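# Descriptive structure summary
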Amino acid sequence: MNSFNRVLILGTGPATIQLAVTLTNKLNCPVGIAGRESVRSESFFAALKESDHRVRVHIQNEKHGQMQGECAIEHVYRGYGTITGEWDTLIMAVTADAYVAVLKQIDVELLQQVKCIVLLSPTFGSNALIRHFMRDIQPAVELISFSTYFGATRWAGDRPSDQVITTAVKKKVFVGSTHGRSPAVVLLGELCDKLGTTLEAMQSPMAAESRNISLFVHPPLFMNEFSLGAVFGEAHAKKYVYKMFPEGPITQSLIRDMLEAWKEMMSMLDRLGIERINLLKFMTDDNYPVRPESLSRHDIDNFMQLEAIHQEYLVYVRYTSLLIDPFSEPDRNGRYFDFSAVPIRQIFVDKEGYWDIPRMPKEDYYRTKIIQGLARYLGLSSPTIDKFIATYEGSLERASLALRGQKVSDAFAVHRFEDDLKMICSEIETRKQPIGGT
């Protein structure tokens, strides 16, 4: 039975519109959109009302022509508690830390009819979390985890609306389902193929969730004193995520921390029965390639067997090779595109008047905290991951003190995410075999 007869997308971000256009035009299925009511989402809902529920995707590069188009949204729900009708598939296009909070707002009888839930941008353990939540509601539901969203999509203007621009499409993403290589997974693979990306099916949802490069690079890049000083407004000049010190955070010690945290994560994968990841190969083959003159194929393929200092050297070379886009065309002065000039965003006042923390590192805090909790549950040492968390939480406490008396979002609080961790660990505990097994 086709799980994609009627699809409801949960979330009001740019990816939601891209998904709606893709599913409507490629699979010819009715699509609905639901989101929470807030000051931020007001312009989104107002734009949909003005356009009579029609949305449009533009593209930046002509080679991504399969991504563009427009469609009509069958139903729009302002508030998750207002959702009605029968929906075969729910696509979670909200941040991973909001999954349970969103599902709790949806009518239980509606959830009992759902055949499939797709997690678009989960973190490590998200599928186990939702599996535990749905156990007493709809235990037969298929839960599918992507490693990450397959594109890069932003609003066409400076505020949420009915139009977006997709600027890039990932060449490969990973997927894992509680139902193995199900008809839904096959269908999603065929869909991604039409869009110009490869969807590689993994042996389990958690294996797919482990194939997200952000898990490995964001904590060391953001959870250090240099980057957090820029995030919380202590730096006097603009700083950049992927540049070398002093323009950015990348130093010899940061690369060492990145590799130590990767090794801690690999120990977790070992314990869970999930195949290890060649970090350098993952960085270059599945994410951003560099020229062979910078990194040889031999070094990339044999990275796992090299000594630690050699591994650190190669990852450092990888980042220096991407200071510019090595495949861009130089201008008349020989300058290549400044690929690494991604500014570190500062804390800001949101549309509801609260101080808030940018998505990076706010989302990375949840991801890393869940990984830390899983390490403890598995009885593994994670000193580098612990250091990232301690550094970040120290910055949170200082920032909260500095903003005392002002309105601040919940992101400024130190969290333990105990409820999510208990559900994830309980789900792992109840399985008869390692969660990475077939």
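Everything in this summary refers to the structure shown in the same document.

The rules behind each value
- Residues numbered from 1 in each chain as written.
- Predicted model: local features only at pLDDT ≥ 70, side-chain atom pairs only at ≥ 80, totals over all residues.
- Heavy atoms only, no water.
- Phe/Tyr/Trp six-rings, centres within 6.5 Å; stacked < 30°, edge-to-face > 60°.
- Helix = DSSP H or I, 4+ residues; strand = E, 2+ residues; numbered from the N terminus.
- Buried < 20%, exposed > 50% of the residue type's maximum accessible area, 1.4 Å probe, protein only.
- Lys NZ or Arg CZ within 6 Å of the ring centre and 35° of its normal.
- Pairing = 2+ DSSP bridges.
- Axes fitted to C-alpha atoms, helices over the stretch in contact; angles between N-to-C directions.
- Parallel < 35°, antiparallel > 145°, perpendicular 65-115°, else oblique.
- Contact = heavy atoms within 4.5 Å.
- Nonpolar A, V, L, I, M, F, W, Y, C, P; charged D, E, K, R; others polar.
- Right-handed = clockwise from strand over helix to strand, strands pointing away.
- Expected span 1.5 Å × (residues − 1).
- Arc of directions from axis to C-beta.
- Core = buried A, V, L, I, M, F, W, Y, C linked by side-chain atoms within 4.5 Å.
- Domains from an automatic or database assignment.
- Salt bridge = Lys/Arg side-chain N within 4 Å of Asp/Glu carboxyl O.

## Structural notes on the packing of aromatic side chains
In the structure shown here, the tally under the stated rule is twelve aromatic pairs. Relative to phenylalanine 417, the ring of tyrosine 366 has its centre 4.9 Å away and its plane inclined at 90 degrees; by these criteria the two rings are edge-to-face. Linking tyrosine 366 in helix H14 (residues 359-377) with phenylalanine 417 in the loop between helix H15 (383-402) and helix H16 (418-430), this pair joins segments that are 51 residues apart in sequence. Residue classification places tyrosine 366 among the buried residues on the basis of a relative accessible area of 4%. Aromatic ring contacts, followed pair by pair, group Tyr365, Tyr366, Tyr392 and Phe417 into a single cluster. Note that arginine 318 overlies the ring of tyrosine 319, its terminal NZ or CZ placed 4.9 Å from the centroid.

## Things to note about the pairing of strand E4 (residues 69-72)
Successive residues of a regular strand alternate their side chains across the two faces of the sheet. Along E4, the buried face is formed by Gly69 and Cys71; none of Glu70 and Ala72, which line the opposite face, is buried. Pairing of strand E3 (residues 54-59) with E4, which is carried by four bridges, proceeds in the antiparallel orientation. For valine 57, the partnering residue across the bridge sits in E4 and is glycine 69.

## So, the packing of helix H1 (residues 14-27) against helix H6 (residues 183-195)
Between two packed helices, both the angle of their axes relative to each other and the distance between the axes serve to describe the pair. In contact at an axis separation of 11 Å, H1 and H6 are set at 100 degrees when each is read in the N-to-C sense. One finds that H1 runs roughly perpendicular with respect to H6. Touching Thr22, Leu23, Lys26 and Leu27 of H1 are Leu187, Leu191, Lys194 and Leu195, all from H6. Across the contact of H1 with H6, the residue classes tally to five nonpolar, one polar and two charged.

## A closer look at the pairing of strand E7 (residues 116-119)
Residues Cys116 and Val118 line one face of E7 and the alternating positions Ile117 and Leu119 line the opposite face, and both faces are buried. One ladder, built from four bridges, connects strand E6 (residues 89-92) with E7; its direction is parallel. Within E7, the position partnered with leucine 90 by the bridge is isoleucine 117. Across four bridges, the pairing between E7 and strand E8 (residues 142-146) is parallel. In the strand pairing of E8, leucine 119 is matched with serine 145. In this fold, the crossover linking E7 to E8 by way of helix H5 (residues 126-134) has right-handed handedness.

## Side note on unusual backbone geometry
Glycine aside, negative phi is the norm for most residues, and most peptide bonds take the trans geometry. Residue proline 246 is bonded to the preceding phenylalanine 245 through a cis peptide linkage, with omega at 10 degrees. Following methionine 360, the chain continues into proline 361 via a peptide bond in cis, with omega recorded as 25 degrees. Structurally, the position occupied by proline 361 is in helix H14. With phi around 70 degrees, histidine 53 is a residue other than glycine that occupies positive phi space.

## Comments concerning H6
Taking 1.5 Å of rise per residue, the 13 residues of H6 would be expected to cover 18 Å, and the 19 Å separating its terminal C-alpha atoms lies within 8% of that figure. Taken as a whole, H6 has its buried residues at Ala184, Val185, Leu188, Leu191, Cys192 and Leu195. Seen end-on, H6 carries its buried residues on one side only, within an arc spanning 120 degrees. Away from its buried face by more than 90 degrees, H6 exposes Pro183 and Asp193. Residues of H6 that are buried make contact with H1, E8, strand E10 (163-169), strand E11 (172-177) and strand E12 (198-201). Phi turns positive one or two residues past the end of H6, at glycine 196, with a value near 95 degrees.

## Quick word on the sheet that holds E6
Read across the open sheet, the eight strands follow the order E5-E2-E1-E6-E7-E8-E11-E12; overall the sheet is mixed. Bordering the open sheet on either side are strand E5 (75-78) and E12, each of which pairs with just one other strand. Sheet twist, expressed as the mean angle between neighbouring strand axes with direction ignored, is 20 degrees. Contacts between helix H2 (residues 39-50) and the sheet are confined to strand E2 (31-35) and E5, with E5 contributing the most and set at about 150 degrees to the helix.

## Section: H2
Every α-helix winds through 3.6 residues per turn, so residues three or four apart in the chain are directed the same way. For H2, spanning twelve residues, the distance from its first C-alpha to its last is 17 Å, which sits close to the expected 16 Å at 1.5 Å a residue. By the burial criterion, the buried members of H2 are Ser41, Ser43, Phe44, Phe45, Ala47 and Leu48. Those residues of H2 hidden inside the fold are in contact with H1, E2, E3, E5 and strand E9 (151-155). Where H2 ends, the next residue or the one after it, aspartate 52, has phi of about 60 degrees, a positive value.

## Quick notes on the nonpolar core
Counting residues in hydrophobic clusters, the biggest one holds 100 residues, and the most contacted among them are Leu10, Ile83, Leu90, Ile117, Phe124, Ile130 and Phe216. With eleven residues, helix H10 (residues 252-272) is the single largest residue contributor to this core. Residue-level mapping places this core at the junction of two domains, with at least three residues from each of domain 1 (7-211) and domain 2 (213-432). Residues in contact with isoleucine 130, not counting those within four places in the same chain, are Tyr99, Val100, Leu103, Ile117, Leu119 and Leu143. Ranked by size, the runner-up nonpolar core spans 42 residues in total, among them Phe45, Val55, Val118 and Cys192.

## Description of the packing of H10 against H15
At a minimum axis distance of 7 Å, the contact between H10 and H15 shows a crossing angle of 120 degrees. By the criterion of interaxial angle, the relationship of H10 to H15 is oblique. Taken together, the residues of H15 that come into contact with H10 (itself represented by Asp257, Glu260, Ala261 and Glu264) are Pro383, Thr384, Ile385, Lys387 and Phe388.

## Details of the pattern of salt bridges
Tallied over the full model, the rule gives 23 salt bridges. In this structure, glutamate 37 engages arginine 78 in a salt bridge whose closest nitrogen and oxygen atoms are separated by 3.1 Å. Separated by 41 residues along the polypeptide, glutamate 37 in the loop between E2 and H2 and arginine 78 in strand E5 bring together distant segments of the chain. Arginine 398 is the partner of glutamate 225 in a salt bridge, and the nearest nitrogen-oxygen pair spans 3.5 Å. With glutamate 225 in helix H9 (residues 225-231) and arginine 398 in helix H15, the pair connects residues that are 173 residues apart, well separated along the chain. Residue classification places arginine 398 among the partly exposed residues on the basis of a relative accessible area of 41%.

Any link to function would need more than the numbers given here.
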